[in-house]
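Tertiary structure, described
So the chains spell out like this:
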Amino acid sequence: RKEVEQDPGPFNVPEGATVAFNCTYSNSASQSFFWYRQDCRKEPKLLMSVYSSGNEDGRFTAQLNRASQYISLLIRDSKLSDSATYLCVGYLARQLTFGSGTQLTVLP
Amino acid sequence: SQTIHQWPATLVQPVGSPLSLECTVEGTSNPNLYWYRQAAGRGLQLLFYSVGIGQISSEVPQNLSASRPQDRQFILSSKKLLLSDSGFYLCAWSDGETEAFFGQGTRLTVV
């Protein structure tokens, strides 16, 4: 079983839709979590950190559920520019582990 | 501020040739350093990570090796490339707790 698992998608949604991604992790000792965004043929870039209390940045909301061992990302009012691959990332013993990514395409 | 440099950006190499990709970090000390590979349309595969000079952990047995000769330098190497080594190679650094930063990547095509 992979340490971090994501639904690969693809998710195809119309502009303005709300879309949610989930990511599960297998090791309960995992520490910090993040969501990254990767555009085609580019390096991943940090989208936001994930905290147990939940955090929001504009149209994006991230949540960590330690009891169920999953993290989520909610995108509201999706834009064409949100089309990308979204990667969830966890730390365990100072080692980064990436999910395989969820592909999102926002359609006009 | 911290920056990470990775080169070259693209590389076309024949099968059986050697490989050396270099990654350097500026503006921080004792970083955790990582090499990832991403095949087309796939996720990131951790190849090597290092928590200090000369300390290399390998995640996947394969045709590649890594070295960390200096605190902020991380090198990915191969003695003889295979076709299956083609991919997008990414170097990253982190402090072990907070976000990781990536280099711009090297797109390697083995022909």
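Refer to the structure presented above.
Here, residues in each chain are numbered from 1, in the same order as that chain's written sequence. As they are written, the chains are lettered A onward and the ligands numbered 1 onward, keeping that order. Local features are withheld for residues below a pLDDT of 70 in this predicted model, meaning they are given only at 70 or higher, and side-chain atom pairs are given and counted only at 80 or more; totals for whole chains, interfaces and linings count all residues. Excluding hydrogens and water, the side-chain values take into account all heavy atoms of the structure.

What follows is about the pairing of strand β4 (residues 33-38) of chain A. Residues and elements named next belong to chain A. Throughout, exposure labels follow a simple rule: accessible area from a 1.4 Å probe, protein chains only, divided by the maximum for the residue type, with under 20% read as buried, over 50% as exposed, and the rest as partly exposed. Where helices and strands are cited, they refer to DSSP runs of H or I of at least four residues and of E of at least two residues respectively, numbered from the N terminus. Counting buried positions along β4 gives 5 out of 6 residues, so the element sits mostly inside the fold. Paired strands, in this sense, are two strands between which DSSP finds at least two bridges. Hairpin connection between β4 and strand β5 (residues 45-50): a loop of 6 residues separates the two successive antiparallel strands, and R41 in this loop has a positive phi of roughly 65 degrees. Examined bridge by bridge, β4 and strand β9 (residues 84-92) share 6 bridges and lie antiparallel to one another. Note that in β9 the partner of R37 across the bridge is Y86.

When two cysteine sulfur atoms lie within 2.5 Å, the pair is treated as a disulfide. Per the counting criterion, the structure on display carries 2 disulfides over all chains. Between the sulfur atoms of C23 of chain A and its disulfide mate C88 of chain A the distance is 1.7 Å. With the S-S bond torsion at 55 degrees, the cross-link from C23 of chain A to C88 of chain A turns out right-handed. A residue pair is termed long-range when its members are at least 10 positions apart, and C23 of chain A in strand β3 (residues 19-25) and C88 of chain A in strand β9 qualify at 65 residues. Given the relative accessible area of 2%, C23 of chain A is considered buried. What makes C88 of chain A buried here is its relative accessible area of 0%. A sulfur-sulfur distance of 1.9 Å marks the disulfide that ties C23 of chain B to C91 of chain B. Torsion about the S-S bond of the C23 of chain B and C91 of chain B cystine: about -75 degrees, corresponding to left-handed handedness. One end of the pair, C23 of chain B, is in strand β3 (residues 19-26); the other, C91 of chain B, is in strand β9 (residues 87-94), with 68 residues separating them in the sequence. Accessibility expressed as a relative area gives 1% for C23 of chain B, which makes it buried. Judged by relative accessible area, which is 0%, C91 of chain B ranks as buried. Here C40 of chain A stays unpaired: no disulfide links it, and the sulfur of C88 of chain A, its closest cysteine neighbor, is 20 Å away.

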